[in-house]
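A structural walkthrough
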Amino acid sequence: MSSQDEELSKTLRAMCEGSTEAFDLIYAQYAPLVMQIASRMLMDRMEAEDICHDVFLEVLRRGDQYDPSRGSLTSWIAVMTRSRCLDRMRVRNRWKHADHAEEDHMMSPEQTEELVIHRLQRQDLHGSLEALPSEQLQAVVSSYFKQQTQRQMSESWNVPLGTVKSWVRYGLNNLRKQMEKRGWANEPDNGAKEVHR
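All of the points below concern the structure found in this document. (Residues numbered from 1 in each chain as written. Predicted model: local features only at pLDDT ≥ 70, side-chain atom pairs only at ≥ 80, totals over all residues. Heavy atoms only, no water.)

**Quick notes on helix α9 (residues 161-181)**
For the record, the criterion: Only DSSP runs of H or I covering at least 4 residues are called helices, and only runs of E covering at least 2 are called strands; the numbering of each starts at the N terminus. Between the first and last residue of a helix there are one fewer steps than residues, each counted as 1.5 Å, and that sum is the expected span. Only protein chains enter the accessibility calculation, which uses a 1.4 Å probe; a residue is then buried when its area is under 20% of its type maximum, exposed when over 50%, and partly exposed in between. Starting at the helix axis, one direction is taken to each C-beta atom, and the arc is that of these directions.
Here α9 spans 30 Å end to end across 21 residues, near enough to the 30 Å set by a 1.5 Å rise per residue. Within α9 the residues assigned to the buried category are Val164, Val168, Gly171, Leu172, Leu175, Arg176, Gln178 and Met179. Down the axis of α9, the buried side of the element spans an arc of 160°, and every buried residue falls inside it. Facing away from the buried surface of α9 by more than 90 degrees, the exposed residues are Lys177 and Lys181. Positive phi appears at Gly183, one or two residues downstream of α9, with a value of about 100°.

This is the structure we're talking about:
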């Protein structure tokens with residue numbers, strides 16, 4: 001493992017332990033890569049941004065499962081991004097020429113389950129965000145969905161930078177707990193979704 005990969009692995013571990021600074025570093029390092037892959041595969045900027053949000057939520061939930069001996073962090077995140085894009089493309093193709101009722105009838109049980117799981121996860125993500133205290137919600141959304149820096153938030157809201165950092169850190173931790181409370185456990189290494197509802 002190169003010194004850079006080792007440093008990034010340490011940063012990922014720190015992120016899993018609740019470090020906001022570590023999450024910022026991972027996001028800054030890999031968001032351009034995720035957007036590049038997603039934009040190229042989906043040919044749609046808004047869908048690519050959606051995938052970017054999904055991927056970093058997954059990195060937040062599954063970061064402690066990353067095994068450096070099985071490949072670089074870049075490869076791990078790239079494979080995760082490609083998998084999410086393929087899922088999105090399959091769903092998009094299913095609905096392209098049929099209305100919902102016809103498509104539900106035509107889909108196999110496995111395809112229906114996959115689509116339902118995807119919808120539930122999106123709904124639970126929104127529900128988890130709404131369950132956050134208002135300051136944490138505002139900080140997390142501004143940081144990772146509107147891509148504002150913590151310094152920009154501090155100046156815009158006229159609050160100390162340390163307060164913004166705390167809101168983001170506690171918001172991310174609470175978001176993960178809310179998702180787990182809704183049954184979204186970490187996924188095992190084989191990539192199968194482990195959902196308890």
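**A short note on the nonpolar core**
Our working definition: For the purposes of this section, nonpolar cores are sets of buried Ala, Val, Leu, Ile, Met, Phe, Trp, Tyr and Cys residues that join through side-chain atoms within 4.5 Å. Throughout, a residue-residue contact means that at least one pair of heavy atoms, one from each residue, lies within 4.5 Å.
Core analysis: the largest hydrophobic core is formed by 41 residues, its most contacted members being Met15, Phe56 and Leu73. For this core, the elements supplying multiple residues, two or more each, are α1 (3-16), α2 (20-42), α3 (45-62), α4 (73-94), α6 (109-130), α7 (134-144) and α9. Considering every element that reaches this core, the biggest residue donor is α2, with 10 residues. If we ignore the near neighbours within four places in the chain, the residues touching Phe56 are Phe23, Ile26, Tyr27, Tyr30, Ala31 and Val34.

**What about α3?**
Our working rule: Counted as a polar contact is a pair of N or O atoms within 3.5 Å, where, for protein atoms, one must be capable of donating a hydrogen and the other of accepting one, and residues adjacent in sequence contribute only when both atoms are in side chains.
Between its first and last C-alpha, α3 extends 25 Å over 18 residues, near the 26 Å set by a 1.5 Å rise per residue. Most of α3 is tucked away, with 14 of its 18 residues classed as buried. Between the side-chain oxygen at the start of α3 and the backbone nitrogen of Met46 there is a gap of 3.0 Å, and the oxygen is on Asp44.

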